[in-house]
Amino acid sequence: MPDFSSPLPLAGKAALITGGARRIGRAIALDLARAGAAVAFTYRKSAADAFETERQLRGIGASSLGIQLDLRHSHAIHDALATAHAALGRLDIIVNNAGRYEDVPFEAISDAQWDAMMEANLRAPFLVSREAAPMLRANGGGRIINLGSVGASRAFPTHAHYCASKAGLEHLTRVMARALAPEIQVNAVSPGLITFEPELTAWERKMAARTPMRRGGKPEEVAEAVRWFATCSRFVTGQVLLVDGGLSLV
Ligand SMILES: NC(=O)c1ccc[n+]([C@@H]2O[C@H](COP(=O)([O-])OP(=O)(O)OC[C@H]3O[C@@H](n4cnc5c(N)ncnc54)[C@H](OP(=O)(O)O)[C@@H]3O)[C@@H](O)[C@H]2O)c1
């Protein structure tokens, strides 16, 4: 039941965001906290950024917890989710945000690079969702939101492993939406070019020029779409929302 004593849409709810220490993941953590959620997030190497994200979450007044986690290991995922659940008292929203990205010509992609990409972008969201599903059901229902990519539907020739992993994740979103219904809604937000610094790299300038909106998106714009799926009607599931300034149309 929503908490009607609070005007915040996620008051009384708890969210876990993977890879939430920096960049898009941090923006999602802060946005969901501003909407009233208690927030746990995972990080792998970015301990200093995680410390800063926790500081900002505390500044919002949110219950928060940063958990060190390597998403390659299912036993570690089990422990991290149990820690988050124990600390926050419940879990209602899972955001599979952590991911890997690299630019490699097709014939130069090594076995290890292919496997690492699938591990981070496809296997980890599966493992986290499988582990979280009973916890979400325990509250009568919950929401899983995956971070896809415009690369799932556009064929970028030097990102074969990345594009394939994100296409897999978007389809996994649809399959999980059926498999976990009716208690759990599963949707995806798929960003296009997102920029973090005012000064763009040459590649970012090229992609921004190609984007119909003529700019890169902001992490906060991705977070807003994630919040929409975290708060929307219980009748929306299995959907992919592109937040790409129209790049997928080009
Ligand atoms: N940025 C964009 O323009 C863009 C465009 C399309 C889609 N996306 C998607 O949106 C999401 C967020 O994007 P982003 O650019 O903010 O992501 P990012 O900085 O590339 O990665 C987010 C976090 O994922 C964590 N991570 C990666 N591999 C991991 C592993 N094996 N175990 C645990 N954590 C791992 C890293 O944590 P640590 O730093 O702590 O190691 C990293 O900070 C990603 O899924 C990305 O694919 C982004």
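Residues numbered from 1 in each chain as written. Predicted model: local features only at pLDDT ≥ 70, side-chain atom pairs only at ≥ 80, totals over all residues. Heavy atoms only, no water.

Draft legend 1. Broad picture of the side chain of Ser149. Inspection of the secondary structure assignment puts Ser149 in the loop between strand S5 (142–147) and helix H5 (160–179). Of note is the side chain of Ser149, whose polar atom sits 2.8 Å from the backbone nitrogen of Gly151. A polar contact of 2.9 Å, which involves the side chain of Ser149, links it to the side chain of Tyr162. Apart from the residues lying within four places of it in its own chain, the contact partners of Ser149 are Tyr162, Lys166, Glu170, Ser190 and Pro191. (Helix = DSSP H or I, 4+ residues; strand = E, 2+ residues; numbered from the N terminus. Polar contact = N/O pair within 3.5 Å; in protein donor to acceptor, adjacent residues only side chain to side chain. Contact = heavy atoms within 4.5 Å.)

Draft legend 2. Fine view of the side chain of Thr53. Inspection of the secondary structure assignment puts Thr53 in helix H2 (residues 47–60). Beyond its immediate sequence surroundings of up to four residues, Thr53 is in contact with Gly20, Ala21, Arg22, Arg26, Ala29, Leu30 and Phe41.

Draft legend 3. Molecular detail of the sheet that holds strand S4 (residues 93–96). Read from one edge to the other, the open sheet built from seven strands follows the order S3-S2-S1-S4-S5-S6-S7, with strand pairing classed as parallel. Edge positions in the sheet fall to strand S3 (64–68) and strand S7 (240–243), since each of these pairs with one other strand and no more. In this sheet, neighbouring strand axes are inclined to one another by 15° on average, regardless of whether the strands run parallel or antiparallel. On the sheet, helix H1 (residues 23–34) packs against strand S1 (14–17), strand S2 (38–43), S4 and S5 and is oriented at approximately 175° with respect to S1. Strand contacts of H5: S5, strand S6 (184–191) and S7, with the helix running at about 160° to S6, the strand carrying the most contacts. (Pairing = 2+ DSSP bridges. Axes fitted to C-alpha atoms, helices over the stretch in contact; angles between N-to-C directions.)

Draft legend 4. Representation of H2 in the model. Under the 1.5 Å per step criterion, the end-to-end length of H2 is 20 Å for 14 residues, consistent within 8% with the ideal 20 Å. Taken as a whole, H2 has its buried residues at Ala50, Thr53 and Leu57. One side of H2 carries all its buried residues, which in axial view fall inside an arc of 60°. Opposite the buried face of H2, at more than 90 degrees from it, the exposed residues are Ala48, Phe51 and Gly59. Downstream of H2 by one or two residues, Gly61 has phi in the positive range, about 95°. (Expected span 1.5 Å × (residues − 1). Buried < 20%, exposed > 50% of the residue type's maximum accessible area, 1.4 Å probe, protein only. Arc of directions from axis to C-beta.)

Draft legend 5. Up close: the packing of H1 against H2. Viewed as axis vectors pointing N to C, H1 and H2 meet at an angle of 15°, and their least axial separation amounts to 10 Å. Regarding the angle of H1 to H2, the classification is roughly parallel. Classified by chirality, the crossing of H2 by H1 is right-handed. Of the residues in H2, those touching H1 at Arg26, Ala29, Leu30, Ala33 and Arg34 are Asp49, Glu52, Thr53, Gln56, Leu57 and Ile60. (Parallel < 35°, antiparallel > 145°, perpendicular 65-115°, else oblique. Left-handed = near helix turned anticlockwise from the far one by under 90°.)

Draft legend 6. Just unusual backbone geometry, in detail. A cis amide bond links Ala181 to the next residue, Pro182, at an omega of 5°. Tracing the backbone through its elements, the reader meets Pro182 in the loop between H5 and S6. Even without a glycine there, the phi angle at Arg23 is positive, about 50°. In this structure, Arg214 takes a positive phi of about 60° despite not being glycine.

Draft legend 7. Expanded view of the packing of aromatic side chains. Inspection of the entire model under this criterion finds three aromatic pairs. Seen in terms of ring centroids, Tyr101 and Tyr162 are 4.9 Å apart; in terms of plane orientation they differ by 85°. Their pairing is edge-to-face. Highlighted residues: Tyr101 in the loop between S4 and helix H4 (111–137) and Tyr162 in helix H5, separated in sequence by 61 residues. You can call Tyr162 buried: its relative accessible area is 11%. Between the aromatic rings of Trp228 and Phe229, the centroid separation amounts to 5.3 Å while the plane-to-plane angle is 65°, which identifies the pairing as edge-to-face. Given a relative accessible area of 3%, Phe229 falls into the buried group. (Phe/Tyr/Trp six-rings, centres within 6.5 Å; stacked < 30°, edge-to-face > 60°.)

Draft legend 8. Here's a closer look at the layout of surface pockets. For the largest pocket, the calculated volume is near 1400 Å³. Arg23, Ala98, Gly99, Arg100 and Tyr101 are the residues nearest the centre of the largest pocket, which is lined by 48 residues in total. Mapped onto the lining of the largest pocket, the elements with two or more residues apiece are H1, S2, H4, H5 and helix H6 (202–210). Here the residues of the lining of the largest pocket are counted per class, giving 22 nonpolar, 13 polar and 13 charged. (1 Å grid on protein atoms, 1.4 Å probe; cavity = no way out; pocket = protein on both sides within 12 Å on 5 of 7 lines; lining within 4 Å. Points joined across faces, edges and corners; volume = space filled by probe spheres on them. Nonpolar A, V, L, I, M, F, W, Y, C, P; charged D, E, K, R; others polar.)

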